[in-house]
Structure formats: structure tokens, C-alpha cells
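Spelled out from the first residue to the last, the chains are:
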Amino acid sequence: MFSKKSDAKHKLVVIGDSLSQGFHNGGIYRTDINFPAFIQRCFDPEPDFQQPAFTAQAGIPLNIEVLVRGMSEKYGDEIEWNELLPASKYMISTLKRIKKYWEGGMKDLSVERANPYHNQSVWGFNISDSWVVNEKNSREYIRKNPETFTVFNMLPEHAKFTTARLVLNPTFKKEYENRSQLDNAQILADDGGIENLILCLGHNNMIAAVTDLKLIWTEGDDLEAFPGKRKYTLYRPEHFEQQYRKLAEKVSKLGAERVFVPTLPYVTIPPVMRGVNSDLSSKRLGYFDYYTRFWIWDEDFHPDKHPHLTKDEAIHLDLTMDEYNAIIKQVANEYGWNVVPVAKNVAGLARRRLGGELVREFPRGLKDALLKRESTKHLVSPNGDVNLSTDFLRLNDEGKLYKGGIFSLDGLHPTTIGYGLMANVYVKTMARAGVKFERGINWDLVVSEDTLVNDPPKLLAELRLVLRMLAMNHQEKIFSISKNILSQVMEVVSPRRHD
């Protein structure tokens, strides 16, 4: 498609949530390998695309891969019973250090800079947060809701609001404290214009339904409540449309040359929920009888004992998401935006839902990159199929991944390869809209940076044992303490809610 040369100063700007920020394994850690960063690398020369860094102390609130890798280095491929107490102490000291750092107890977290970041993404943000949340009200919420340290509360509970402060006003200066995501994007627009704007919002208007395993619908008087005060877990479609149209009106004032918006994947696909059947029979209509926590196996599950959603509730969620996506497409059509078919591509990779079949092929570049590495070539079958899926990851006896690989350890956000697949869908859509790329996705880089897939921590080979231990009801104090510590880590892996 022919495209005239743009005069806009800022080639790529993002307003978004956890997916565009690069959240995975339970935290925001390396923003340089999120999907917008992979898109940036497709330009030559690479445009200026500035993002905040969160690599200190295993990220915020916690990159569980970093924690597990540290435990693997210290205790080997498995933790023996006589190592349980030392391992628990190791976890306590690590989590205390992370908490202290991100609460500003080890250094000043402010960053001196003149302009807003090009990537204005904050994990957990829903649509209205793009204009409701700023550094000032985030700071005030933290101040008015103080945390207390106990063995059961070792992670920075206000991590999302700390993240918001570091993204929206990294200087912490008073003159910038009221800036929202949209305000910062407007500053960039006024400073030379925006060529390509990615608007990655809407996922968190439903995601809490699956992380909380509760369907609590919005009421009309609380649609724009501050995140810490919300009680609902998903938006009624009419409320979603109200908020999305309000967002569209505000975004239109930025004057971006092109706007790209994704369709939203079904929240029933990520393995943050695990589908189980009451009679262990084959699932019907592509759905399981129940959906529960991902560490609960079929033979252990009981609907009277474990939190869950029913099949009918899961279907209702998907039908509601269909309504969300119809609204997105309609609004995009009205405003001349470009729709990125993320939902369709994720659904095509849901191997477990599809009965073992895939309807989406993986990029040839990814296949070639996997074959080049000794640690990943087994993921390509002799007939050329890439054996990655949306299942929760599993390791074989050799410590190599044999299942999963698209979703990270939090069961909700992509692995680095998953983000590469997202970037690939965006690049194709953007190219069709007239964006000129000099090269495609660097799949060798994507695979090499995905340490969870190409070099998984050895302890993950004992995943089922570790996860089963969380559900055990030991009476001895040592096991009780360890269970609660590990359960808290699992709450980070599967956060209760994002809003």
C-alpha cells in the first residue's frame, strides 16, 4: 500500500495496559521485550521509543521466573523436605527486599526527564483509567491506604499505583502530578505530532471475572471509580460502549495519523483458569464443565470445595466479549481506525479448547529460530509443526518445555514468544495500513530472549508437586508458614484482579 512520508515527530506512541507494557510471569520486568519494542525494531533506522525500566529487584510486583530461577540455583532441581524451611526463609528475604525497594525504602525512584514516555502503558488499567488515574491520585491512594508488613503480606500491594506514578510522572514533580495517559499523549502530539498510535485498552474491563472467579457486573454510577475503589469484575456491554466511545472522542483530539486498536481475546483461553469436567468426559461445545485455579487438577477438583466458574458462565463471558469486539469494530470504523485481529489469532492457538488442533499457523521465522537452538529445536515436530500452545507450561524429565510456551507463569500474560506473536499480528495490520517497515520480526532475538522457553528453571519440572503443596492442609507450623508464603507468591502469579 502506498504511503506518503510522514512529518510527525513521534513515529510510535502507545496508550495501554499490561499487554502493551509487557507484563509477564507476575510482574513488569523488561519493557525492552514487549510487543511495541519488537515493532520498533522493524523500522530502520529504529525510531526513538522511550519506556520506563523496571528491571530492579525482579520487577514489580514480582517476576516469578526470576524468583524460581534463584531458588533453582540455590536448591537444585527440587526442594527436599528438609530444605523447605531454608527455602521459605529465602523467599521471605527476597520478597521483603522487593517490597522495600519499590516502596522507595532503598533509593529515590524518581527519574529526571523532560518529556513523557512514548509508551504510556500501565498494567491493570481499564478504559477510563486512561483519563481518571494520574500520579497525584495514585500517590494519595497509597498514602491513605497504608500497608502493614506481616508474613502474609510481603509484596508491594500498591504496586500498580507505584507503576502508574513511575510511568505518568517519573520525575514525581508537582507540576506534572495531574497528567493522565491521555494528557501525556497530548503533550507528545503537541510536540511534533504522532504518526502511529497503538491504543491497547479494554482487556481489564473483564479480566477480573476470571482472576476473581466471580461475575460482578457494573452499575451505572461507578463506571469511572478510582481503581482501588471498584467492586465489580466486568462491564455490561452498554457500559463498555459508553466508556469506549468516550475514549474514542478523547483520542481523536490527539490528531494521530493512524490509530491501531486490537480486538480483545476471550478471557477463558489463558490458563489462569483451568477447565475441568465433572465426569471427566469430553468437553462439549469447546467448553469445560467448570473453570477453576490452574493449580487444581481434574481428580482433585470439587465444585463444593474449590472456587470456580461454570460452563454457562464461561460461555456468557465469551458472548459478552463478542459484544465488546463488535463495539470496538464499530467505533473504529466510525473514526477511521485500524483494527488488529488479536482475538482471532489467540483463539486459533487455543489447542486445548480446539481438541488438540490449531487453526492458526506459526510464522516461518519463529519455526526457523526454534530449530537453530539446541534447547528449543524439539518444539518443532519432524513434519514441521511448532509445538507451542496456550496451556500452562510443563517440563519433561530433561527439564525441557513440552507443553505451553505462549502464556507465562502468571497464566494470564504472554511469554516473550507470545509477545513476538502479538507484534507480528500488529506489523501485518500496520503494513496494510501504509506503515513502511524495513524488516520483519527478529525471531532469533525473540526466542533467545524467552528464557522461560529456551532455558526454563529446573524447579519447574516439579511444578505439579509445588502447586499441589499449596492445597495441602498441613497442621505443623513449618508447613503452614511455607504454604502461606508460597500461596502469596501464587497470588502474584494469578493476581486476584487488575482493577
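Predicted, not measured: the structure shown is a model, and the values here were computed from it.

1. Let's talk about the pattern of salt bridges
Then, in step 1: The tally for this structure, following the rule as stated, stands at 25 salt bridges.
Then, in step 2: Across the salt bridge formed by Asp455 and Arg69, the nearest N and O atoms sit 3.6 Å from each other. Taken together, the residues Asp455 in the loop between helix H16 (451-454) and helix H17 (463-471) and Arg69 in helix H3 (residues 64-75) connect sequence positions 386 residues apart.
Then, in step 3: Among the salt bridges present, the one from Lys173 reaches Glu112, with a minimum N-O distance of 2.6 Å. A residue pair is termed long-range when its members are at least 10 positions apart, and Lys173 in the loop between helix H7 (159-168) and helix H8 (181-190) and Glu112 in the loop between helix H4 (84-102) and strand E4 (119-121) qualify at 61 residues.

2. As for the packing of aromatic side chains
Then, in step 1: In this structure the tally under the stated criterion is 16 aromatic pairs.
Then, in step 2: Centre to centre, the rings of Phe240 and Tyr244 are 5.7 Å apart; their planes meet at 15 degrees, and the pair counts as stacked. In this pair, Phe240 and Tyr244 both sit in helix H10 (residues 237-252), 4 residues apart, roughly one turn of the helix. Summarising the burial analysis for this pair, Phe240 and Tyr244 share the class buried.
Then, in step 3: Taking 5.3 Å as the distance between ring centres and 45 degrees as the angle between the ring planes, the aromatic pair formed by Tyr290 and Phe301 counts as tilted. Of this pair, Tyr290 sits in strand E8 (residues 290-293) while Phe301 is found in the loop between E8 and strand E9 (309-310), placing the two residues 11 residues apart along the sequence. Just as Tyr290 is buried, Phe301 falls in that class too.
Then, in step 4: Put simply, the rings of Phe240, Tyr244, Tyr324, Tyr335 and Trp337 touch in pairs and so form one group of aromatic residues.
Then, in step 5: Lying across the ring of Tyr117, Arg113 places its NZ or CZ 4.0 Å from the centre.

3. Examining the environment of Glu219
Then, in step 1: When you line up the elements, Glu219 lands in the loop between helix H9 (208-211) and H10.
Then, in step 2: When its relative accessible area of 45% is taken as the criterion, Glu219 is described as partly exposed.
Then, in step 3: The residues touching Glu219, leaving out its near neighbours within four places in the chain, are Arg236 and His239.

4. So, the sheet that holds strand E5 (residues 194-200)
Then, in step 1: With parallel pairing, 5 strands are arranged side by side in an open sheet as E4-E1-E5-E6-E10. At either end of the open sheet lies a strand with only one pairing partner, and these are E4 and strand E10 (338-340). Ignoring strand direction, the axes of neighbouring strands in this sheet form an average angle of 20 degrees.
Then, in step 2: Where strand E1 (residues 10-16) and E5 come together, 6 bridges link them in parallel fashion. By the bridge assignment, Val13 is partnered in E5 with Leu197.

5. Some points on the side chain of Ser138
Then, in step 1: Tracing the chain through its elements places Ser138 in helix H6 (residues 135-144).
Then, in step 2: At a separation of 2.8 Å, a polar atom in the side chain of Ser138 contacts the main-chain carbonyl oxygen of Asn134.
Then, in step 3: Not counting residues up to four positions away in its chain, the partners in contact with Ser138 are Val133, Phe161, Ala164, Arg165 and Phe226.

6. Focus: the packing of H6 against H7
Then, in step 1: For the pair H6 and H7, the least separation of the axes is 9 Å and the interaxial angle reads 150 degrees. The angle between H6 and H7 falls in the class roughly antiparallel. In this structure, the crossing between H6 and H7 has a hand that is left-handed. Residues Glu135, Ser138, Arg139, Tyr141 and Ile142 of H6 touch H7, and the partners they reach there are Phe161, Thr162, Ala164, Arg165 and Leu168.
Then, in step 2: Partitioned by chemical class, the residues of the contact of H6 with H7 number 5 nonpolar, 2 polar and 3 charged.

7. Thoughts on the nonpolar core
The nonpolar side chains of a soluble globular protein tend to be buried with one another.
Then, in step 1: Ranked by internal contacts, the top residues of the largest apolar core, which has 140 residues, are Ile39, Tyr244, Trp337, Leu388 and Tyr426.
Then, in step 2: No other element matches the 9 residues that helix H14 (residues 416-432) contributes to this core.
Then, in step 3: The contact partners of Tyr244, leaving out residues within four places of it in the chain, are Ile127, Leu201, Val261, Ile327, Ile328, Val331 and Trp337.

8. Describing the confidence of the model for the protein chain
Then, in step 1: Confidence in the prediction for the protein chain averages 86 pLDDT; 85% of positions are at 70 or higher.
Then, in step 2: Low pLDDT (under 50) marks residues 466-499, which in the prediction has 83 contacts with non-local residues, meaning those over four places away or in another chain.

9. Comments concerning unusual backbone geometry
Then, in step 1: In the segment running from Asp44 into Pro45, the intervening peptide bond is cis, with an omega of 5 degrees.
Then, in step 2: Backbone torsion omega between Ile60 and Pro61 reads -5 degrees, so that peptide bond is classified as cis.
Then, in step 3: Look at Asn25: it is not a glycine, yet its phi comes out positive at around 60 degrees.
Then, in step 4: With respect to the helices and strands, Asn25 occurs in the loop between helix H1 (18-21) and strand E2 (27-28).
Then, in step 5: On the basis of relative accessibility, which here comes to 0%, the residue Asn25 falls in the buried class.

10. Structural notes on the sheet that holds E9
Strand pairing within a sheet occurs via backbone hydrogen bonds; the two strands may be parallel or antiparallel.
Then, in step 1: Spatial ordering of the open sheet is given by E7-E8-E9, a layout of 3 strands whose pairing is antiparallel. For this open sheet the edge positions go to strand E7 (273-276) and E9, each flanked by a neighbour on one side alone.
Then, in step 2: Relative to E9, E8 runs antiparallel, the two being bridged by 2 bridges. Paired with Tyr290 across the two strands is Thr310, which belongs to E9.

Parameters and conventions
Residues numbered from 1 in each chain as written. Predicted model: local features only at pLDDT ≥ 70, side-chain atom pairs only at ≥ 80, totals over all residues. Heavy atoms only, no water. Salt bridge = Lys/Arg side-chain N within 4 Å of Asp/Glu carboxyl O. Helix = DSSP H or I, 4+ residues; strand = E, 2+ residues; numbered from the N terminus. Phe/Tyr/Trp six-rings, centres within 6.5 Å; stacked < 30°, edge-to-face > 60°. Buried < 20%, exposed > 50% of the residue type's maximum accessible area, 1.4 Å probe, protein only. Lys NZ or Arg CZ within 6 Å of the ring centre and 35° of its normal. Contact = heavy atoms within 4.5 Å. Pairing = 2+ DSSP bridges. Axes fitted to C-alpha atoms, helices over the stretch in contact; angles between N-to-C directions. Polar contact = N/O pair within 3.5 Å; in protein donor to acceptor, adjacent residues only side chain to side chain. Parallel < 35°, antiparallel > 145°, perpendicular 65-115°, else oblique. Left-handed = near helix turned anticlockwise from the far one by under 90°. Nonpolar A, V, L, I, M, F, W, Y, C, P; charged D, E, K, R; others polar. Core = buried A, V, L, I, M, F, W, Y, C linked by side-chain atoms within 4.5 Å. pLDDT = per-residue confidence, 0-100.

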